[in-house]
Amino acid sequence: MIYDFIRTLTARALARGILSPEDKIYAVNRLFALLKLPGDAAAFPSEEDVAAAASGPDQLESILRGILDYAAENGLLEADSTAYRDLLDTEVMACLTPPPSAVNRHFDALYSGESPKAATDWFYAFSRATDYIRDYRIARDVKWTTDTEFGRLDITINLSKPEKDPRAIAAAKTMKTAAYPKCQLCVENEGYAGRLDHPARGNHRIIPIKILGEPWGFQYSPYVYYNEHCIVLNQAHVPMVIDKAVFAKLFDFVRQFPHYTVGSNADLPIVGGSILAHEHFQGGNYEFPMARAQVERPFRMKAFPDVEAGTLKWPMSVIRISGPEPERLTEAAAWILEHWRAYSDESAFIFAETDGVPHNTITPIARRRDGRFELDLALRNNITTEEHPLGVFHPHAGLHHIKKENIGLIEVMGLAILPSRLKGELDALAAEILESRDLYADEKTAAHAGWAQTFAARCTPENVHGVIQQETGLVFRQVLCDAGVFKRDAAGTAAFTRFTDTL
């Protein structure tokens, strides 16, 4: 059977165009070596096999499972766990993935010969075909939308990231600490075999690009929180910072890829929500809810009369600037950042710094719209207190049963990334509500009990899951309101106006 799996896997690679026919023998021989097989001509696909792979449903998950089962039964895995299986199946796919030079040539040919969109369309399909993006895992994610006064919010429960394996965690503790690659964003991840404490990236490819003339890389996220979720990374391992240059870099990217939105996480802990040690942006071909938000209060900056500016109707505190010239927007954004870094308003509990520790920063998002450039600037502050040790402008404790993690770039834009634990907990909650059981008695539902009592009376067998999803979406709405530095009330609006008046 193992040769059958190799044959169907190779046929799929040929059908998907990730393996060239002239590389077929080489790739199959690499698989023989990886799986410690003597080899067999039966492992080579026929033209009929390739045609069947091209026309039929994708069987990649079951093919890889068969190969991994063989590996487990024949002592090729140190332990039969998700962590060890992921290391091996990535190496399996690496045998079929062309080298970076070939990938880069093809991308560049499409970019220059057709369009930037043609190039990214191909590279996204390629990243899925090589199993770098595991479609069969991402399909398990739970997704829905919730309507609010701020428009539709997008809600997801992420199930595609594998759970931490207790055996792998224990084994990793005994491993010698490695400093290579320095982090999961470094270009040295391309082709890296991985280890228990670092994901395998044998089938990972990074497209070299230039941002303001400097070497950067373009890749996709393996977890794809939204359509064509890309990561744009500095090829040097340098820390994230929000400054004037970052605004120029974001505009340079959307100039090169006008069909993509791109943004940066903030550069301070708590509000950063990201790998702060490595400069990178996230973007994609996706309309985030915040992009649909309307300007609620326009204002003019005397220093930039040619730049349109206004505050958004959004649960967080966001300034949108737009215009035809990205250079002018870069200057205007730097002006806003300079003022915000130094701004304090005790009545709104906004302090630029305490004890010499800075608190104010910005989460910026750039896009093209109707031939113009647009930049959204979400104002952030990471101050903590005894009452709110995780952050004053952070999900408050009463919402932690749904969302406790930092609010980063993606969620600022209105897409909730909720923890995988919620899938089982919300399913259990629905069952307990319908059975009228004590929600505090079950460890899966106890944390949600007080919240659920506010809507349980509305639940029926027909609508219970819909009601829970709607109420979960409204919790995310409140999460964003908590993260907003100027609150959505009369006092908050007046405080926001006081800040924009300084501009």
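Every value quoted in this text rests on a predicted model; they were computed, and no experiment measured them.

> Pulling in residues and values, what's your account of the overall build of the chain?
Of regular secondary structure, the chain possesses 17 helices and 15 strands. In terms of overall size, the chain behaves like a compact globule, its C-alpha atoms giving a radius of gyration of 25 Å where 503 residues would be expected to give roughly 23 Å. Residues counted as buried form 53% of the 503 residues belonging to the chain. Summarising the internal contacts of the chain: among those between residues at least 6 apart in sequence, 64% fall at separations of at least 24. Mean positive and mean negative side-chain charge positions of the chain (53 and 67 charges, respectively) differ by 2 Å.

> An account of the layout of surface pockets is needed here, citing residue identities and associated values.
Considering only enclosed or pocket space, the second largest pocket measures out at about 370 Å³ in volume. Lining the second largest pocket are 22 residues, and of these Ile18, Asp23, Thr97, Pro98 and Pro99 sit closest to its centre. Elements supplying a minimum of two residues to the lining of the second largest pocket: helix H2 (24-34), helix H6 (100-113) and helix H7 (116-129). Split by residue class, the lining of the second largest pocket holds 13 nonpolar, six polar and three charged.

> Break down the packing of H6 against H7 for me, with residues and values.
Look at H6 against H7: their axes get within 7 Å of each other, and the N-to-C directions meet at 150°. The angle between H6 and H7 falls in the class roughly antiparallel. Of the residues in H7, those in contact with Val103, His106, Phe107, Leu110 and Tyr111 of H6 are Pro116, Ala118, Ala119, Thr120, Trp122, Phe123 and Phe126. By residue class, the composition of the contact of H6 with H7 is 10 nonpolar, two polar and no charged.

> Explain the confidence of the model for the chain to me, and be specific about the residues and the numbers.
Mean pLDDT over the chain: 95, with 97% of residues reaching 70 or higher. Low pLDDT, under 50, characterises residues 165-170; the stretch is placed with eight contacts to residues that sit more than four places away or in other chains.

> Can you break down unusual backbone geometry residue by residue, with the values?
Note the cis peptide between Tyr180 and Pro181, where omega equals -15°. You can see Pro181 is positioned in the loop between helix H9 (166-173) and strand E3 (207-211). Its identity as a non-glycine residue notwithstanding, Asp131 has a phi of 70°, on the positive side. Judged by its relative accessible area of 3%, Asp131 is buried. Positive phi values are uncommon outside glycine, yet Asp355 reaches one of about 55°. Structurally, the position occupied by Asp355 is in the loop between strand E11 (353-354) and strand E12 (357-358).

> Describe the packing of helix H14 (residues 421-434) against helix H16 (residues 464-483), naming the residues involved and giving the relevant values.
Here H14 crosses H16 at 125°, and the two axes come no closer than 10 Å. Overall, the two elements H14 and H16 adopt an arrangement that is oblique. In the packing of H14 onto H16, the handedness of the crossing is right-handed. Taken together, the residues of H16 that come into contact with H14 (itself represented by Leu426, Asp427, Leu429, Ala430, Ile433 and Leu434) are Val464, His465, Ile468 and Thr472. Taken together, the residues of the contact of H14 with H16 break down into seven nonpolar, two polar and one charged.

> Could you give an account of empty space enclosed by the protein, naming the residues involved and the relevant values?
What the rule picks out here adds up to one cavity of 30 Å³ or more. Considering only enclosed or pocket space, the largest cavity measures out at about 40 Å³ in volume. Elements with a minimum of two residues in the lining of the largest cavity: H7 and strand E4 (214-220). By residue number, the principal contributor to the lining of the largest cavity is H7, which donates three residues. Residues of the lining of the largest cavity, tallied by class, amount to four nonpolar, five polar and one charged.

> Would you mind going over the pairing of strand E5 (residues 230-234) in detail, with residue names and values included?
Of all five residues that make up E5, five are buried, and the element is covered over most of its length. Along E5, one buried face is formed by Cys230, Val232 and Asn234 and the opposite face, lined by Ile231 and Leu233, is buried too. Here E4 runs beside E5; their pairing, made up of five bridges, is antiparallel. Across the sheet, Gly217 pairs through a bridge with Leu233, a residue of E5. Pairing between E5 and strand E7 (residues 280-284): four bridges, direction antiparallel. In the strand pairing of E7, Ile231 is matched with Gln282.

> Quick rundown of the nonpolar core? Include the residues and the values.
Core analysis: the largest hydrophobic core is formed by 88 residues, its most contacted members being Phe218, Phe253, Met301, Ile321 and Phe486. Per-element accounting of this core gives the leading share, seven residues, to helix H1 (residues 2-16). The contact partners of Phe486, leaving out residues within four places of it in the chain, are Ser317, Trp340, Tyr343, Ile350, Leu379, Gly492, Ala495, Phe496 and Phe499. Counting residues in hydrophobic clusters, the runner-up holds 48 residues, among them Leu399, Ile402, Val479 and Leu480.

The rules behind these values
Residues numbered from 1 in each chain as written. Predicted model: local features only at pLDDT ≥ 70, side-chain atom pairs only at ≥ 80, totals over all residues. Heavy atoms only, no water. Helix = DSSP H or I, 4+ residues; strand = E, 2+ residues; numbered from the N terminus. Rg over C-alpha atoms; globule rule 2.2 N^0.38 Å. Buried < 20%, exposed > 50% of the residue type's maximum accessible area, 1.4 Å probe, protein only. Contact = heavy atoms within 4.5 Å. Lys, Arg positive; Asp, Glu negative; His and termini not counted. Charge placed at Lys NZ, Arg CZ, Asp CG, Glu CD. 1 Å grid on protein atoms, 1.4 Å probe; cavity = no way out; pocket = protein on both sides within 12 Å on 5 of 7 lines; lining within 4 Å. Points joined across faces, edges and corners; volume = space filled by probe spheres on them. Nonpolar A, V, L, I, M, F, W, Y, C, P; charged D, E, K, R; others polar. Axes fitted to C-alpha atoms, helices over the stretch in contact; angles between N-to-C directions. Parallel < 35°, antiparallel > 145°, perpendicular 65-115°, else oblique. pLDDT = per-residue confidence, 0-100. Left-handed = near helix turned anticlockwise from the far one by under 90°. Pairing = 2+ DSSP bridges. Core = buried A, V, L, I, M, F, W, Y, C linked by side-chain atoms within 4.5 Å.

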